[in-house]
Amino acid sequence: MDVHHVHPPDPDTDFDETLGALTDLVRTGRIRAIGTSTFPASAIVEGQWPAERRGRERVRCEQPPYSLLTRAAETEVLPLCRSYGMGVLIWSPLAGGWLSGRHRGGSATDSSRAGRFPERWSVWRAGSARPRSR
């Protein structure tokens, strides 16, 4: 496997423990790189420290939701990835279907991701359409 992405951090598990297990997978050749998905910037930094201090493999890329409507990653995550030399692989570039024209009239169906999580995909949500100011 080229990249193994760890999805949102588990508050009950120390990330160093997860990083240790993933380091073993890298060193045995089962995966090539470690990535995270939808991690906040603070958790990405927290993952880089044990890699540096304990000889673990470091996180090589982050996978944030990012589109013309969901741009919060521009505030902290993207600059952090740049400073650590991490790659970025975005997900949901069409903002849960809003940019594809799938949802007309400002509403989503209950069966769609946008319908199940309207607070995340609302085009009217503050911070969705532009990055938050610092």
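Above this text sits the structure in question.
Residues numbered from 1 in each chain as written. Predicted model: local features only at pLDDT ≥ 70, side-chain atom pairs only at ≥ 80, totals over all residues. Heavy atoms only, no water.

### Points about the overall build of the chain
No. 1: A count of helical and extended segments in the chain gives five helices and four strands.
No. 2: Sorting the 134 residues of the chain into buried and exposed places 39% on the buried side.
No. 3: Contacts in the chain between residues far apart in sequence, at least 24 positions, make up 71% of those at least 6 positions apart.
No. 4: Total accessible area on the chain stands at roughly 8200 Å², and carbon and sulfur atoms take up 50% of it. (Helix = DSSP H or I, 4+ residues; strand = E, 2+ residues; numbered from the N terminus. Buried < 20%, exposed > 50% of the residue type's maximum accessible area, 1.4 Å probe, protein only. Contact = heavy atoms within 4.5 Å. Areas by Shrake-Rupley, 256 points an atom, 1.4 Å probe, with all protein chains shown as cover.)

### Topic: the packing of aromatic side chains
No. 1: Using the criterion set out here, one finds one aromatic pair in the structure.
No. 2: With 5.6 Å between their ring centres and 65° between their planes, F15 and F39 make a pair best called edge-to-face. Taken as a pair, F15 in helix α1 (residues 15–27) and F39 in the loop between β2 (33–37) and α2 (41–54) lie far apart in primary sequence, 24 residues in all. Assigned by exposure class, F15 and F39 land together as buried. (Phe/Tyr/Trp six-rings, centres within 6.5 Å; stacked < 30°, edge-to-face > 60°.)

### Re the side chain of S37
No. 1: Among the secondary structure elements, S37 is positioned in strand β2.
No. 2: S37 gets classed as buried once you look at its relative accessible area, which sits at 2%.
No. 3: Polar contacts involving the side chain of S37 include one to the side chain of Q63, which spans 3.3 Å.
No. 4: Beyond its immediate chain neighbours, meaning those up to four positions away, S37 contacts H5, V6, H7, P8, E62, Q63 and W91. (Polar contact = N/O pair within 3.5 Å; in protein donor to acceptor, adjacent residues only side chain to side chain.)

### Section: the pairing of strand β3 (residues 59–63)
No. 1: In terms of burial, β3 is largely enclosed, as four of its five residues are buried.
No. 2: Looking at chain direction, β2 and β3 are connected through four bridges and run parallel. Considered in β3, the bridge of G35 is made with C61.
No. 3: Between the parallel pair β2 and β3, the chain is carried across by α2, and the sense of this crossover is right-handed.
No. 4: Note that β3 and strand β4 (residues 87–88) share two bridges and pair parallel. If you follow E62 over to β4, its bridge partner there is V88.
No. 5: For the crossover from β3 across helix α3 (residues 77–84) to β4, the handedness is right-handed. (Pairing = 2+ DSSP bridges. Right-handed = clockwise from strand over helix to strand, strands pointing away.)

### Here we look at the state of the cysteines
No. 1: What the rule picks out here adds up to zero disulfides.
No. 2: Unpaired in terms of disulfides, C61 finds its nearest cysteine sulfur in C81, a separation of 8.5 Å.
No. 3: Accessibility expressed as a relative area gives 1% for C81, which makes it buried. (Disulfide = S-S within 2.5 Å.)

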